[in-house]
Amino acid sequence: MAESEEEDVLVQRVVKDINNAFKRNPNIDEIGLILCPEARYNRSPIVLVENKLGVESWCVKFLLPYVHNKLLLYRQRKQWLDREALVDITCTLLLLNSDFTTAWNVRKELLQCGALNPERDLYLGKLALTKFPKSPETWIHRRWVLQQVLRECSPPSSDRKEQCDSGLRDAAERTLLSEHLHRVLHDEMKVCAAAASRYPSNYNAWSHRIWVLQNMAQGNLKVLHDELSSMREWVSMHVSDHSGFHYRQFLLKALVRELSQSMHHHHAPWPSLGSSSPRSPSPDTQPGHPHHQANGEATAAAPCPSPATPEDQSSVPAMPQLFHQEMELCTDLIQSFPGHETLWCHRRHVFYLWHHWRRDHDHHDGQGCGSESPQLNHTDAGLSSYPHTASPRGVGIDRVDSRNGQAQEGQNAMEVDGVGVPDPRNTKRLKRGPPDPCPPALPSEHGFIARVLEGCRSPEQGCFALAYRKWLDSVIGQ
Amino acid sequence: MGTQVKDVVIKSDAPSALLLDKHADYIAAYGSKKDDYEYTLSEYLRMSGIYWGLTVMDLMGQLTRMNQQEISDFIKSCQHDCGGVSASIGHDPHVLYTLSAVQILSLYDNVNVLDVDKVVEYVRGLQQEDGSFAGDKWGEIDTRFSFCAVATLALLGRLDAINVDKAVEFVLSCMNFDGGFGCRPGSESHAGQIYCCTGFLSIAGQLHQVNADLLGWWLCERQLPSGGLNGRPEKLPDVCYSWWVLASLKIIGRIHWIDKSKLRSFILACQDEETGGFADRPGDMVDPFHTLFGVAGLSLLGEGQIKDVNPVLCMPEDVLERLGLHPDLLS
């Protein structure tokens, strides 16, 4: 197909205009299409106003096929393009069509040979996401770039052959690297948050956020807890955002894992990176953070930005408090915003996590962790305070009997918002803050459901409450 | 004053009869204007687009209207030296389009257009130490790719090329407390991923590892008052979920847990009476993707005018019969 020469010239000019715009203003933070069906006064279709870059829509139908075909000719070795041209063309292409995988791959190759900086691709991706907040290929490419960044910053591994890498990085350089990673991590959180705000229940943005924590913040209690705190307000303003709430479930689960690991000296070895995982969907036996590499190598401990200090650890509230706070948040939102399925799903998940944490703590107590300072195991100390759930007779999810065995249905019914009696042996706990919160328990949950149904004016709210009750009965057990 | 549950309202004048002829005409004419800007935009997934079009035509008994020779030549020129197949000429190879290519050629009983041994090598090479599969040489991990890998190999009769046990281990590590599956361990349950994982487990002969009651419950909670299905809580219904959710329910033997007639009404309402084809929800623009899944969904619901569709591979049952492929289903 022969293109008119005029079109050729026009399009080449537009490509140049776009890239000059970036050179003129390195702070462009948003891109968009300007609905403009016809060219006017021979002006460039590229409009730069403050930090916003716009492309007038009339030129896109010439621009896209031209750059698209040009790139493919290059890929098929039918036409040579130098590095700078490749950078410009892929940039234009991806701003118009961010799911064009092959264009991202060309940039990967440019990155590998040093013609592109990882930061530029993170920046380009960030811009593309302002227009296409879900774009799967943009998120996928982002993860690859971050893996390159991590590799550059990671400690020397056994398959690095260069001598200069072997243990010669001094403390100062390590600190710089750690700070760099810290910035990268926080930038990622911001990019995810922006994309999540642009599109409701943005699965790709949130699963990316989880990936970042799994790969760049393993075991970092501070980061996990900071995320939990900072997301509170966001989810309260996005009560339908199932992915946002799932992120909190992920954080809680990760905190459970990390806090248990740090508390117990003698614990069952945690699954190492990339190893097999048990089949149970129980949260505590899920594998650690799988760290995948293209060639299958499991990395050694990946770099962790500002690893948690002992001070950090003690400033993170204990699990019962975290669960209590989460259930409280859930209760508030359910009452303030009746009829939101997401909130009830969240309740199921938090209750399930708490239920299994309690069960596993009872189990560990029974496995000779008695040498542990008792104040670290509240279930050991405060047995009389907390009603235990019965031996589960659910749908096969619960397989371990509670240590105390018998049910105490309704006997020690405690208000969700009530306060348990603190155990005098938990001195360390008392130092941290308010008395032990009362954990949610089956009787209190049934009480909550009854209250909701009683005051309920929304038919949907009633349905969700009943579904929750049914779920409690069949999945958790009477 | 009640809350607005996220859903659509089906208008009284929405289509209620199945317009198969119109859909066949729509697909037959699709892409005939190859200079179209929209067509260029979607070239990065062209192989899958062809698979959607051909499969729905075959389900409607209209496959002969498509140009087999042109398509076979196209596929041949999309296989790369590494054995993988790309979405279109000049694009990079990926397991997604490798599967689509093998599915298309299976419809035509002509897989030898490709170098099959090289396809097998490509897929084998994507498996990681932990059993997961990358999508291509760049390494992205997703349970979708586990499905693509085993489906491709199953169609070629070469499932032995990979470590199935390890692959199963990885997929099971993506099972969540609600019985569903996400893209990676720790990810949110999502109907599309659930379809891929249950399909995977079916092919791998490991469906007993699924908690069918729990997952079935999560899946049937996807049905909204309009009759349509969504992919996750508080999302709008979408006709493609009539496939992901429905096929998953069929695979785990719980399809009777949803209201079939309400779903059927919803799917039919997504048709466009003027242009043919199905949209994601009533009144929206149609496309081949939603057209396939609307028709396939209706097939699973027992629509007489449509051929039986296999819920695991989303291909006509008679094609799989010819190949001797009978992936497990729970009852």
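For the structure, see preceding data.
Report on the accompanying structure. Remember, predicted model here, so these are calculated numbers, not experimental data.

1. Examining the overall build of chain A
Step number 1: Looking only at helices and strands, chain A has 17 helices and three strands in total.
Step number 2: A separation of at least 24 residues holds for 68% of the contacts in chain A among residues at least 6 apart in sequence.
Step number 3: Of the accessible surface of chain A, which amounts to about 21,600 Å², a share of 53% is contributed by carbon and sulfur atoms.

2. Thoughts on the state of the cysteines
Step number 1: Taken as a whole, this structure holds zero disulfides over all chains when the rule is applied.
Step number 2: In this model A:Cys192 remains outside any disulfide bridge; the closest cysteine sulfur is found in B:Cys183, 13 Å from its own.
Step number 3: Residue A:Cys192 is classed as buried on the basis of its relative accessible area, which comes to 1%.
Step number 4: Left unpaired, B:Cys196 is separated from the closest cysteine sulfur, that of B:Cys148, by 6.5 Å.
Step number 5: Judged by its relative accessible area of 9%, B:Cys196 falls in the buried class.

3. Here we look at helix 17 (residues 459–476) of chain A
All names here are of chain A.
Step number 1: Along its 18 residues, helix 17 runs 25 Å from first to last C-alpha, staying within 8% of the 26 Å computed at 1.5 Å per residue.
Step number 2: Among the residues of helix 17, Glu 460, Gln 461, Gly 462, Phe 464, Ala 465, Ala 467, Tyr 468, Trp 471, Leu 472, Val 475 and Ile 476 are the ones counted as buried.
Step number 3: Backbone geometry just downstream of helix 17 places Gly 477 in the positive-phi region, at approximately 105°.

4. Topic: the sheet that holds strand 3 (residues 52–56) of chain A
All names here are of chain A.
Step number 1: Taken together, three strands build an open sheet; the order of strands is 1-3-2 and the sheet is mixed. Looking at which strands have only one partner, the edges of the open sheet turn out to be strand 1 (30–34) and strand 2 (46–49). Each neighbouring strand pair of the sheet contributes to a mean axis angle of 25°, computed without reference to strand direction.
Step number 2: Sheet analysis places strand 2 next to strand 3, joined by four bridges and oriented antiparallel. Considered in strand 3, the bridge of Val 47 is made with Gly 54.

5. Describing the side chain of A:Arg348
Step number 1: Relative to the assigned elements, A:Arg348 resides in helix 13 (residues 341–365).
Step number 2: Judged by its relative accessible area of 12%, A:Arg348 is buried.
Step number 3: One polar contact links A:Arg348 to B:Glu221, side chain to side chain, over a distance of 3.0 Å.
Step number 4: Those residues in contact with A:Arg348, other than ones at most four positions away along the chain, are A:Ala467, A:Tyr468, A:Trp471, B:Phe177 and B:Glu221.

6. Description of the interface of chain A and chain B
Step number 1: The interface of chain A with chain B comprises 67 residues on the first partner and 53 residues on the second.
Step number 2: A buried area of about 5,300 Å², summed over both sides, lies between chain A and chain B, and 54% of it is on carbon and sulfur atoms.
Step number 3: Counting across the chain A and chain B interface gives four salt bridges.
Step number 4: Seen at the junction of chain A and chain B, the total is 24 residue pairs in polar contact (both at pLDDT 80 or more).

Calculation rules
- Throughout this description, residue numbers start from 1 for each chain and increase along the sequence as written.
- Chain letters start at A and ligand numbers start at 1, both assigned in the order the entries are written.
- Where totals are concerned, whole chains, interfaces and linings use all residues; where local detail is concerned, this predicted model gives features only for residues with pLDDT of at least 70, and gives and counts side-chain atom pairs only at 80 or more.
- To obtain the side-chain values, all non-hydrogen atoms of the structure were used and water was disregarded.
- Only DSSP runs of H or I reaching four residues or more are called helices, and only runs of E reaching two or more are called strands; each is numbered from the N terminus.
- In what follows, a contact means two residues having at least one pair of non-hydrogen atoms within 4.5 Å.
- What sets the accessible areas is the Shrake-Rupley method with a 1.4 Å probe; for residues, cover comes only from the shown protein chains.
- Working definition: a disulfide is two cysteine sulfur atoms within 2.5 Å of each other.
- Only protein chains enter the accessibility calculation, which uses a 1.4 Å probe; a residue is then buried when its area is under 20% of its type maximum, exposed when over 50%, and partly exposed in between.
- What a helix should span is 1.5 Å times the count of its residues minus one.
- Strands qualify as paired when DSSP identifies two bridges or more between them.
- For every element, the axis is a line fit to its C-alpha atoms; helices are fit only across the contacting stretch, and the angle between N-to-C directions ranges from 0 to 180 degrees.
- Pairing of N or O atoms within 3.5 Å defines a polar contact, subject to two protein rules: one partner must be a possible hydrogen donor and the other a possible acceptor, and residues neighboring in sequence count only if both atoms are side-chain atoms.
- Buried area counts how much accessible surface, traced with a 1.4 Å probe, disappears from two parts once they are put together, with both parts' losses summed.
- By definition here, a salt bridge exists when the distance from a side-chain nitrogen of Lys or Arg to a carboxyl oxygen of Asp or Glu is within 4 Å.

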